Amino acid sequence: HRHTTRAALDGCLILVAVPEFEQTEVFAHFRRCMDTREPQRFEAPYTFDDGATSWYSFSVEPVPEGIFVLSVDITEQRQTTEALHDSETRLAEALRLEAIGRLAGGVAHDFNNLLMAINGTAELLAAEMSPEDPRRADVDAISEAGRRAAALTSQLLAFGRRQVLRPTVVSLDEVLAEATPLLRRTLGEDIELHVEASPDATPVRVDRSQLEQVIVNLVFNARDAMPDGGILTLAITPAFAGEAAAARHHGVRPGAFIRLSVSDTGSGIAPDIADRIFEPFFTPKGLGRGTGLGLATVQGIVAQSGGWIEMDTRLGRGTTFQVHLPVAAEPTEAVVEALPVVVTGGSEMILLVEDEEQVRQVAGRMLRDLGYAVVDLPGPYPALALDTSTLAAVDLLITDVVMPGLNGLRLDSLLRERKSNLRTIFISGFAPDTAVRERLQDPGTAFMEKPFTRSDLARSVRALLDVRPAEATDQPV
């Protein structure tokens, strides 16, 4: 088509407006109408000299003198239809991934209950054995397999956005600077690593360990895409999401973001694969070369942190992943070195409510080994039926969050109506939801993620028992 202006089209013959008109698809429709004397209906584009393209709907009718042509500009209508289709496609994809995420999260939750029993029992067995016991190696093997299984369920929870995150305010540049030496050693000599940091970049609020997992996952994928070597670039730049951009990504709020780009010069990703690249259990690496959870995990971690991830790929030219994380309002928090864990117990009375029998048995045994008196119950209703004197003696409630009939949050609320100074540890294979997070604002509460160890349990119980809320009383009300 010859480029022209809209004004120049007024009164212009189509043969003048479109040189070589006889070779166009539009002319073919005209000729068909003249030859067959049958009406033709079709749509066709026209490109103007400013590069803009308009779409026109044509109605071609045979008349005694030849043909009658009516064309109507349908550009706006077409754009509206395409936008609606894009929105419907994004919604369908979001709903599909949400369904898969719920399934993955549910599977991970059930596995975490099983792993709590497996890992906890193995830990208790190991504590009773001497290092020289010939069975100790078998128990250690069970424990190691259990830890690896827990890491896998953690990935499933990350994809389903149900992972327990421990966010802090960190500098992305600092995290990248600390990770760079390890990345250089891992990548090998045939891959050239470029790091383009931005010292003035504002901090982000994320779970630091999960952020490191995101970086490692993306870097390792880039390495695999460059088997013959290449250039890997990590860059940090500021970004901004307006209302429209935020609306395209579930859970994202408009505002300032920090963009982490991971770019490679590798093989790129084919279009049919690119559409599925974030799906869980899908991997283009081939059988036995990955779980297919890497990018699904990355997307889940980023989304749960309030951000989003985008991908730009060209077959044979490389791929770029862009991670967007919201800017934090608070200053960067100092990294606190973890102190050695000292496992200490006590003699207080603990009410343990857990509907999974194996989890209840393992946790109860852990607590009794630590010296505590334990009342363990299989569900919320037996706990509500406790007499006043027994409830008065309880120093701490440990309850599962997800239970049939009555969840742990509601159980805690009802028991506090009878004992206002009750302290509570909520346990779950899921991250705490909004209601639980609000309850955790109380200093007399805590949360533990399944599967937990005896040391985790001992530390959480002791920390909560040693802090008394100032307004607490010692008697049931």
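Placed above this text is the structure.
The text that follows walks through the structure, step by step, so that each part is easy to find. (Residues numbered from 1 in each chain as written. Predicted model: local features only at pLDDT ≥ 70, side-chain atom pairs only at ≥ 80, totals over all residues. Heavy atoms only, no water.)

## Examining the overall build of the protein chain
Link 1 in the chain: The helix and strand tally for the protein chain stands at 16 helices and 15 strands.
Link 2 in the chain: A total of 477 residues make up the protein chain; the buried ones form 43% of that total.
Link 3 in the chain: Considering only residue pairs separated by 6 or more positions, the protein chain has 67% of its internal contacts joining residues 24 or more positions apart. (Helix = DSSP H or I, 4+ residues; strand = E, 2+ residues; numbered from the N terminus. Buried < 20%, exposed > 50% of the residue type's maximum accessible area, 1.4 Å probe, protein only. Contact = heavy atoms within 4.5 Å.)

## Overview of the packing of helix 11 (residues 357–369) against helix 16 (residues 454–465)
Link 1 in the chain: Between helix 11 and helix 16, the least distance of the axes is 10 Å, while the angle of their chain directions is 65 degrees. In the packing of helix 11 onto helix 16, the handedness of the crossing is right-handed. Contacts between helix 11 and helix 16 involve Ala 363, Met 366, Leu 367 and Asp 369 from the first element and Arg 454, Leu 457 and Val 461 from the second.
Link 2 in the chain: When grouped by side-chain class, the residues that make up the contact of helix 11 with helix 16 number five nonpolar, no polar and two charged. (Axes fitted to C-alpha atoms, helices over the stretch in contact; angles between N-to-C directions. Left-handed = near helix turned anticlockwise from the far one by under 90°. Nonpolar A, V, L, I, M, F, W, Y, C, P; charged D, E, K, R; others polar.)

## A look at the sheet that holds strand 10 (residues 318–326)
Link 1 in the chain: Reading across the sheet, the five strands line up as 5-7-8-10-9 and stay open at both edges, with mixed pairing between neighbours. Each end of this open sheet is capped by a strand with a single partner; those strands are strand 5 (191–196) and strand 9 (308–314). Taking each pair of neighbouring strands and ignoring which way they run, the sheet shows an average axis angle of 20 degrees.
Link 2 in the chain: Two elements, strand 8 (residues 255–264) and strand 10, share seven bridges in a ladder whose sense is antiparallel. Across the sheet, the residue bridging to Phe 257 is Pro 326, located in strand 10.
Link 3 in the chain: In this fold helix 6 (residues 172–187) packs onto strand 5, strand 7 (230–241) and strand 8, with an angle of close to 175 degrees to the strand it touches most, strand 5. (Pairing = 2+ DSSP bridges.)

## Concerning the pattern of salt bridges
Link 1 in the chain: Scanning the model with the defined rule gives 21 salt bridges in all.
Link 2 in the chain: A salt bridge links Arg 365 to Glu 128, with the shortest nitrogen-to-oxygen separation between them at 2.3 Å. With Arg 365 in helix 11 and Glu 128 in helix 4 (residues 75–128), the pair connects residues that are 237 residues apart, well separated along the chain.
Link 3 in the chain: The exposed category is assigned to Glu 128, whose relative accessible area is 56%.
Link 4 in the chain: Between Asp 133 and Arg 135 there is a salt bridge, with its nearest N and O atoms 3.1 Å apart.
Link 5 in the chain: A cluster of three or more residues bridged by salt bridges with shared partners is formed by Glu 174, Glu 178, Arg 208 and Glu 212. (Salt bridge = Lys/Arg side-chain N within 4 Å of Asp/Glu carboxyl O.)

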